[in-house]
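Fold and geometry: a report
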Amino acid sequence: GAVVSQHPSRVICKSGTSVKIECRSLDFQATTMFWYRQFPKQSLMLMATSNEGSKATYEQGVEKDKFLINHASLTLSTLTVTSAHPEDSSFYICSARGGQVNTEAFFGQGTRLTVV
Amino acid sequence: DAKTTQPTSMDCAEGRAANLPCNHSTISGNEYVYWYRQIHSQGPQYIIHGLKNNETNEMASLIITEDRKSSTLILPHATLRDTAVYYCIVRLSHMNRDDKIIFGKGTRLHILP
């Protein structure tokens, strides 16, 4: 299947700093990307949906000014956690979907963020 | 909100068939049943999907009841590497641009040696 790559796989940052997570579709053009957050022993929670070249649509309860999403190209979306706090520590996962018919969404391997 | 109900956890002996049930009694006529799994600390992996007919691929079989209110994912010969959380998801077809993948709690499947 298609490959979606996230970077970094793990990151530790200090409280108050910002951290950027990249999501790349390696062998297809991702017209839509989804960002999820997963706390330990819980399911994935959809944070936002972004279409290439337009602003992201955030799910209810997700602060758009705290979780900045940029989807400037068909192969790259970034999630920036601004002014991170320990409660932002989580597993962040992206998913990418192409624009053609019959294109399933593929998931990245996830990024484990620890805020200390 | 997730539209499916799954058992919290299940055990299955290695080499046996693992049968994972899912209830989706409020499924709409244009919604599909999708299955994904998530191995610990990895991103989800697509397994199979169907609308109303039974489906089979190299990973699994999907049996959907005639009224479409429930389905069963079958892993024919479970291995230790199949230990994961399995998510049954009702969604619009991936061909629909308004489609989103909303995860429920899933079933934690333990394959026992």
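Structure: above.
Residues numbered from 1 in each chain as written. Chains lettered and ligands numbered in written order. Predicted model: local features only at pLDDT ≥ 70, side-chain atom pairs only at ≥ 80, totals over all residues. Heavy atoms only, no water.

**Observations concerning the sheet that holds strand E1 (residues 9-13) of chain B**
Residues and elements named next belong to chain B. Put simply, the rule reads: At least two DSSP bridges between two strands are required for those strands to pair. The way it works is that DSSP assigns letters per residue, a run of H or I at least four long becomes a helix, a run of E at least two long becomes a strand, and they are numbered from the N terminus. In this description, a line fitted to the C-alpha atoms serves as the axis of each element, helices being fitted only across the stretch in contact, and the angle between N-to-C directions of two axes falls anywhere from 0 to 180 degrees.
What the 5 strands build is an open sheet, ordered E1-E9-E8-E3-E4; its pairing is mixed. Edge positions in the sheet fall to E1 and strand E4 (45-50), since each of these pairs with one other strand and no more. Direction aside, the axes of adjacent strands within the sheet are offset by 25° on average. Pairing analysis gives 8 bridges linking strand E3 (residues 31-38) to strand E8 (residues 84-92), with the strands arranged antiparallel. Counted as the bridge partner of Val-33 is Val-90 from E8.

**Focus: the environment of His-85 of chain A**
Residues and elements named next belong to chain A. Condition: Contacts are assigned to residue pairs that have any heavy atoms within 4.5 Å of one another. Definition of a polar contact: a pair of N or O atoms within 3.5 Å, with one able to donate and the other able to accept a hydrogen when the atoms are protein atoms, and with sequence-neighbouring residues admitted only if both atoms are side-chain atoms.
If you trace the backbone, His-85 turns up in the loop between strand E8 (76-81) and strand E9 (90-98). Apart from residues lying up to four places away in sequence, His-85 is in contact with Ser-15, Lys-66 and Val-115. Side-chain polar atoms of His-85 contact the backbone oxygen of Ser-83, separated by 3.5 Å.

**Quick notes on the packing of aromatic side chains**
Note the cut-off: Note on aromatic pairs: the rings of Phe, Tyr and Trp (six-membered ring only in Trp) are paired at centre separations within 6.5 Å, and the planes decide the class, stacked below 30 degrees, edge-to-face beyond 60, tilted for the rest. A simple rule labels every residue: compare its accessible area, found with a 1.4 Å probe on the protein chains alone, to the largest value its type can have, and call it buried under 20%, exposed over 50%, or partly exposed in between. In this scheme, Lys NZ or Arg CZ marks a charge over a ring once it lies within 6 Å of the ring centre and within 35 degrees of the ring normal.
For the coordinates displayed, the defined rule picks out 12 aromatic pairs over all chains. Taking the centre distance of 5.6 Å and the plane angle of 85° together, the rings of Tyr-36 of chain A and Phe-103 of chain B count as edge-to-face. One end of the pair, Tyr-36 of chain A, is in strand E4 (residues 30-38); the other, Phe-103 of chain B, is in the loop between E8 and strand E9 (107-112), on a second chain. On the basis of relative accessibility, which here comes to 7%, the residue Phe-103 of chain B falls in the buried class. Here a set of aromatic residues connected by ring pairs shows up, and it is made of Tyr-36 and Phe-107 of chain A together with Tyr-32, Tyr-34, Tyr-36, Tyr-46, Tyr-87 and Phe-103 of chain B. The residue whose ring lies beneath Lys-66 of chain A is Phe-67 of chain A, and the NZ or CZ to ring-centre distance is 6.0 Å.

**Overview of the sheet that holds strand E2 (residues 18-23) of chain B**
The strand order E2-E7-E6-E5 (chain B) describes an open sheet built from 4 strands, whose pairing is antiparallel. What marks the edges here is a single partner per strand, and that holds for E2 and strand E5 (55-56) of chain B.

**Here's the deal with the interface of chain B and chain A**
To be explicit about the condition: Accessible area, probed at 1.4 Å, shrinks when two parts are joined; the buried area is that loss added up over both. Any carboxyl oxygen of Asp or Glu within 4 Å of a side-chain nitrogen of Lys or Arg constitutes a salt bridge here. Under the grouping applied here, Gly and all other residues not named as nonpolar or charged are polar, the nonpolar ones being Ala, Val, Leu, Ile, Met, Phe, Trp, Tyr, Cys and Pro and the charged ones Asp, Glu, Lys and Arg.
Tallying the contact residues gives 21 residues for chain B and 23 residues for chain A. Both sides of the chain B and chain A interface together cover about 1700 Å² of buried area, and 51% of this is carbon and sulfur. Applying the counting rule to chain B against chain A returns 1 salt bridge. With a shortest N-O distance of 2.7 Å, Lys-100 of chain B and Glu-59 of chain A are connected by a salt bridge. Here chain B is connected to chain A by 4 residue pairs in polar contact (both at pLDDT 80 or more). Elements supplying a minimum of two residues to the side of chain B that touches chain A: E3 and E8 of chain B. No other element matches the 3 residues that E3 of chain B contributes to the side of chain B that touches chain A. Considered class by class, the residues forming the side of chain B that touches chain A number 9 nonpolar, 7 polar and 5 charged.

**Examining the state of the cysteines**
Spelled out, the test is: The disulfide criterion used throughout: a pair of cysteine sulfur atoms within 2.5 Å.
Using the criterion set out here, one finds 2 disulfides over all chains in the structure. One disulfide in the model links Cys-23 of chain A with Cys-94 of chain A; its S-S distance is 1.9 Å. Its torsion about the S-S bond being 75°, the disulfide of Cys-23 of chain A and Cys-94 of chain A is classed as right-handed. Residue Cys-23 of chain A is found in strand E3 (residues 19-25), and its partner Cys-94 of chain A is found in strand E9; the two are separated by 71 residues along the sequence. Of the two residues, Cys-23 of chain A and Cys-94 of chain A, neither departs from the other in class, the shared state being buried. Here Cys-22 of chain B pairs with Cys-88 of chain B through a disulfide, and the sulfurs are 2.1 Å apart. With the S-S bond torsion at -80°, the cross-link from Cys-22 of chain B to Cys-88 of chain B turns out left-handed.

**Some remarks on the pairing of strand E5 (residues 45-51) of chain A**
Residue and element names in this part refer to chain A. In terms of burial, E5 is largely enclosed, as 5 of its 7 residues are buried. Looking at chain direction, E4 and E5 are connected through 6 bridges and run antiparallel. Paired with Tyr-36 across the strands is Leu-46, a residue of E5. By the bridge criterion, 2 bridges tie E5 to strand E6 (residues 57-58) in an arrangement that is antiparallel. By the bridge assignment, Ala-48 is partnered in E6 with Tyr-58. Hairpin geometry of E5 and E6 is characterised by an intervening segment of 5 residues between the two adjacent antiparallel strands and by a positive phi of about 85° at Gly-53.

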